Amino acid sequence: SNDYGSSVQQTSDGGYIALGSTNSFGNGIYLIKTDSIGDSLWSKIYDGSSDDYGTDLQQTTDGGYIIIGRTQSIEDNRDVWLIKTDSNGNEDWTMTSGGSNDDYGSSVQQTTGEGYIIIGTTKSFGNGNKDLWLIKTNSNGNEDWNQTFGGSDNDHGYDVQQTTDGGYIIIGRTLSFDENSYFVWLIKTDSDGTEVWNKTLGGNNGDWGSSIQQTTDGGYIIIGRTWSYGNGGSDVLFIKTDSEGNTVPYGN
């Protein structure tokens, strides 16, 4: 049946850890550990009774793994699903978060304080329709705080990274600034998730950012998708910004 891969990382032993979802072996989140040439060492399925999907993972400092995704096995609606495993993929603990509507987890990262930062999309909380949802947990998956970002229309969060100043940089897309077109949405927060600044980037035909990383010069590099530029249809969008989220001219 249908199986999907969504995230991969090289592990400290030189092998790889891959995350996705499977409908061939049950119906759940699929974690695969391989050696350095991609041969499978073991796999785990975090199986539910309904629509469960893994979106992102990271090896943690204790050698285990942190996984983010969504589950519909616990409630009728979808919830954010956070899973912490040991080095062999066995569950240490799990956490779900959500409200009465659909909520999704898109990206997770271990923070310097040994907790976790999550970005996703919520329809249960915020300003209406869909909003970006930033969740900070402690090392046991208990929520420290959460923040929503969005307007009256659909807004989505796709990736988050802790920045060198202890805050967070978020990338996603927003329809709240122009109901006719999505824009790339870049949001910088402090260590408590309070917004410091935000930038909308892109053209007028629909663009969004899917992944972000802070660069050595203190700025940010973004990858995403554009219908506003390129050779027609949708194209890969690559944006470099300075530390304040302003686009750097090409070639600089």
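Quick notes on the rules
Residues numbered from 1 in each chain as written. Predicted model: local features only at pLDDT ≥ 70, side-chain atom pairs only at ≥ 80, totals over all residues. Heavy atoms only, no water. Pairing = 2+ DSSP bridges. Helix = DSSP H or I, 4+ residues; strand = E, 2+ residues; numbered from the N terminus. Axes fitted to C-alpha atoms, helices over the stretch in contact; angles between N-to-C directions. Buried < 20%, exposed > 50% of the residue type's maximum accessible area, 1.4 Å probe, protein only. Contact = heavy atoms within 4.5 Å. Phe/Tyr/Trp six-rings, centres within 6.5 Å; stacked < 30°, edge-to-face > 60°. Lys NZ or Arg CZ within 6 Å of the ring centre and 35° of its normal.

Draft legend 1. Spatial organisation of the sheet that holds strand E15 (residues 183–189). The strand order across the open sheet formed by four strands is E13-E14-E15-E16, and the pairing between neighbours is antiparallel. Since the sheet does not close on itself, it has two edges, and those belong to strand E13 (155–162) and strand E16 (195–201), each with one partner. Averaged over neighbouring strand pairs, the angle between their axes works out to 20° when direction is ignored. Where E15 and E16 come together, six bridges link them in antiparallel fashion. The residue of E16 that forms the bridge with leucine 186 is lysine 199.

Draft legend 2. Unusual backbone geometry, seen in detail. Positive phi values are uncommon outside glycine, yet glutamate 114 reaches one of about 75°. As for its placement among the helices and strands, glutamate 114 is situated in the loop between strand E9 (103–110) and strand E10 (116–122). Using a relative accessible area of 37% as the deciding quantity, one classes glutamate 114 as partly exposed. Located in the positive-phi region is asparagine 129, a residue other than glycine, with phi close to 50°. Locating asparagine 129 in the fold gives a position in the loop between E10 and strand E11 (131–137). Looking at asparagine 129, the relative accessible area reads 40%, which means it is partly exposed.

Draft legend 3. Broad picture of the pairing of strand E6 (residues 65–71). Of all seven residues in E6, six are buried, a share of seventy percent or more. Hairpin connection from strand E5 (residues 53–59) to E6: five residues lie between these consecutive antiparallel strands, with glycine 63 at a positive phi of about 90°. Summarising the sheet, E6 and strand E7 (residues 79–85) pair through seven bridges and their orientation is antiparallel. Considered in E7, the bridge of threonine 71 is made with aspartate 79.

Draft legend 4. Representation of the environment of glycine 64 in the model. Structurally, glycine 64 is set in the loop between E5 and E6. For glycine 64, a relative accessible area of 1% gives the class buried. Residues glycine 64 and aspartate 86, 22 residues apart in the sequence, show an inter-C-alpha distance of 4.1 Å. Ignoring sequence-local partners within four residues, the contact set of glycine 64 consists of Gln58, Gln59, Lys84, Thr85, Asp86 and Ser87.

Draft legend 5. How the structure looks around the sheet that holds E6. The four strands lie next to each other as E5-E6-E7-E8, forming an open sheet whose pairing is antiparallel. Strand pairing shows two members of the sheet lacking a second neighbour, E5 and strand E8 (91–97), which therefore form its edges. Sheet twist, expressed as the mean angle between neighbouring strand axes with direction ignored, is 15°.

Draft legend 6. Main features of the packing of aromatic side chains. What the rule picks out here adds up to nine aromatic pairs. Between phenylalanine 125 and tryptophan 133, the ring centres sit 5.2 Å apart and the planes meet at 50°, which makes this aromatic pair tilted. For tryptophan 133, a relative accessible area of 3% corresponds to the buried category. A cation sits over an aromatic face here: arginine 173 above tyrosine 182, 4.1 Å from the ring centre. The ring of tryptophan 208 has arginine 173 sitting right over it, with the charged end atom 4.1 Å from the ring centre.

Purely geometric stuff here, so don't read any function into it on its own.
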